[in-house]
Amino acid sequence: MKVLVIGGGAREHALCRSLSLDPDVTALHCAPGNAGIAEVAELHGVNALDGAAVADLAAGLRADLVVVGPEAPLVAGVADAVRERGIPVFGPSAEAAQLEGSKAFAKDVMAAAAVPTARSYVCTTPAEIDEALDAFGAPYVVKDDGLAAGKGVVVTEDVEAARAHALACDRVVIEEFLDGPEVSLFAITDGETVVPLQPAQDFKRAYDGDQGPNTGGMGAYSPLPWADPKLVDEVMATVLQPTVDELHRRGTPFSGLLYAGLAITSRGVRVIEFNARFGDPETQVVLARLQTPLGGLLLAAATGNLAALPPLRWRDDAAVTVVIASHNYPDTPRTGDPIEGLADVVAQDAPDAYVLHAGTRRDESGAVLSAGGRVLSVTATGADLTTARQRAYRAVDRISLDGSQHRTDIAAKVADQAAEATETQGA
């Protein structure tokens, strides 16, 4: 099949990489793509937010499947425009994508489906904001109701910082703080059947030790050796299937990737947020472990045939991703800096470690330059998390980008705990 992927980040590079390894994918295209994606797909300079232009491109390519990666095109209705041309598309309609596009809408769906989540208030006035902040107390959790590229959430002990963020939003959701570790669980759905993927955990804070501002994600790992083996089944029964069923009942079926951000609290699993697409950087580690060919899986979801697929197959390997970000990220990043060492990773670390491009471009001479906040996702696999971490950071050390930053502790604590548990069992 011919596949067209929409987007240009590390998530889309991960998708394109996996699709390129699917023997049934005979041609791979991406719009707009980036310098790394260009190595596995033909790029097209189309505005990802322009539904008509994307649909025209898909029709011109005679694409058998269009995969919409980022949230903004989904909320803008790009998947709808492609579907109207009779082309199978992986990604929800604009109406269903409001599950991510509006946190208030997501709360309403969860209430109707009896999905466990944090208590919350939707606020539009200063008086409502003050009332909600007083009701919950510190730590304060304040979320911009609309899309914010993963950076619209403030969690703080400082009531003035919480109030300032809330006042800067047109509409804001203020909710109770959820304790416990966070988990990301993706599920593929065709609007009725739901197929969960393997859980992952990402690291949102910019600096080691979970310090600094929230970012779009600085790294991730999978699997989660500390998680309850029944976690996926529980989330399927209490979160994913009820949400898909409720949207179907409303006449807005959700077809595509449903992402549940979860808190494993002292009172049980609670939904922090929903996303309507693959998460970044969790996609990088989840797809690194997926053995089932990706193209057939996404096409089955796009055509309503998920129920006919056999169970997914997974590699036993662990996977770790480390994000290399530009100087000053997550504030206004510096761009245009040359990236060195990419060929060294290919020569010395492949196939156990590889680089997925996020914010990159090539200049007139063919050199790869930084072109965004999160620049690269260095991904590695190994028999366990310790090995995967070692391979990922070995590859990170080969890469040179002036002023860049990365966390040095991605999956460190859980890898150490898993190693200690293995030693204890051996003894």
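Up top you'll find the structure we're talking about.
Predicted model, so just to flag it, every value in this text is computed and none were measured.

**A look at the overall build of the protein**
Line of reasoning, step 1. Across its full length, the protein holds 14 helices and 24 strands.
Line of reasoning, step 2. Relative to the 2.2 N^0.38 estimate, which gives 22 Å for 427 residues, the radius of gyration of the protein is 21 Å and therefore close to what a compact globule would have.
Line of reasoning, step 3. C-alpha extents for the protein along the principal axes are approximately 55 × 55 × 50 Å.
Line of reasoning, step 4. By the burial criterion, 56% of the 427 residues in the protein qualify as buried.

**Things to note about helix α1 (residues 10-20)**
Line of reasoning, step 1. Across the eleven residues that make up α1, a large majority, nine, are buried.
Line of reasoning, step 2. Those residues of α1 lying buried are Ala-10, Arg-11, Glu-12, His-13, Ala-14, Leu-15, Cys-16, Ser-18 and Leu-19.

**Looking at the packing of aromatic side chains**
Within a pair of aromatic rings, the relevant descriptors are the distance that separates the centres and the angle that separates the planes.
Line of reasoning, step 1. The final tally for this structure, using the stated rule, is five aromatic pairs.
Line of reasoning, step 2. Taken together, a centroid distance of 5.1 Å and an interplanar angle of 35 degrees make the contact between Phe-186 and Tyr-259 tilted. Taken together, the residues span a long stretch of sequence, with Phe-186 in strand β10 (residues 182-189) and Tyr-259 in strand β16 (residues 256-265) at a distance of 73 residues.
Line of reasoning, step 3. Among the residues examined, Phe-186 registers a relative accessible area of 1% and is labelled buried.
Line of reasoning, step 4. Linked through ring pairs, Phe-90, Phe-186, Tyr-259 and Phe-278 together constitute an aromatic cluster.
Line of reasoning, step 5. The ring of Tyr-354 carries Arg-17 above its face, with NZ or CZ at 3.6 Å from the centroid.

**Considerations on the pairing of strand β20 (residues 353-357)**
Line of reasoning, step 1. With five of its five residues buried, β20 lies for the most part within the structure.
Line of reasoning, step 2. Covered by surrounding structure in β20 are Ala-353, Val-355 and His-357 together with Tyr-354 and Leu-356, the residues of both alternating faces.
Line of reasoning, step 3. Examined bridge by bridge, β20 and strand β23 (residues 374-382) share five bridges and lie antiparallel to one another. If you follow Tyr-354 over to β23, its bridge partner there is Thr-379.

**Side note on helix α8 (residues 159-167)**
In an α-helix there are 3.6 residues to a turn, and that puts residues three or four apart on one side.
Line of reasoning, step 1. Those residues of α8 that fall on the buried side of the exposure criterion are Ala-162, Arg-163, His-165 and Ala-166. Within α8, the buried residues cover an arc of 165 degrees as seen down the axis, which keeps them to one side.
Line of reasoning, step 2. You can read the cap of α8 off the contacts: a side-chain oxygen lies 2.9 Å from the backbone nitrogen of Glu-160, and it is on Asp-158.

**Quick notes on the sheet that holds β23**
Line of reasoning, step 1. A sheet is described by the order of its strands in space; here five strands give the open sequence β12-β15-β18-β23-β20, paired in antiparallel fashion. Every other strand in the sheet has two partners, leaving β12 (201-202) and β20 as the edge strands with one partner each.
Line of reasoning, step 2. Against the sheet, helix α12 (residues 342-349) touches β20 and β23, its axis set at about 150 degrees to β20.

**What about the side chain of Lys-107?**
Line of reasoning, step 1. Structurally, Lys-107 can be placed in helix α6 (residues 103-113).
Line of reasoning, step 2. Classification of Lys-107 as buried rests on a relative accessible area of 13%.
Line of reasoning, step 3. A distance of 2.9 Å separates a polar atom in the side chain of Lys-107 from the backbone oxygen of Ala-118.

**A look at unusual backbone geometry**
In terms of backbone geometry, most residues other than glycine have negative phi values and most peptide bonds are trans.
Line of reasoning, step 1. Cis geometry is adopted by the peptide bond preceding Pro-223, which originates at Ser-222 and carries an omega value of 5 degrees.
Line of reasoning, step 2. Counting through the fold element by element, Pro-223 comes out in the loop between β15 (219-222) and α9 (231-249).
Line of reasoning, step 3. At the junction of Ala-350 and Pro-351, the peptide bond is cis and its omega measures out at 0 degrees in the coordinates.
Line of reasoning, step 4. Along the chain, Pro-351 falls in the loop between α12 and β20.

Quick notes on the rules
- Residues numbered from 1 in each chain as written.
- Predicted model: local features only at pLDDT ≥ 70, side-chain atom pairs only at ≥ 80, totals over all residues.
- Heavy atoms only, no water.
- Helix = DSSP H or I, 4+ residues; strand = E, 2+ residues; numbered from the N terminus.
- Rg over C-alpha atoms; globule rule 2.2 N^0.38 Å.
- Buried < 20%, exposed > 50% of the residue type's maximum accessible area, 1.4 Å probe, protein only.
- Phe/Tyr/Trp six-rings, centres within 6.5 Å; stacked < 30°, edge-to-face > 60°.
- Lys NZ or Arg CZ within 6 Å of the ring centre and 35° of its normal.
- Pairing = 2+ DSSP bridges.
- Arc of directions from axis to C-beta.
- Polar contact = N/O pair within 3.5 Å; in protein donor to acceptor, adjacent residues only side chain to side chain.
- Contact = heavy atoms within 4.5 Å.
- Axes fitted to C-alpha atoms, helices over the stretch in contact; angles between N-to-C directions.

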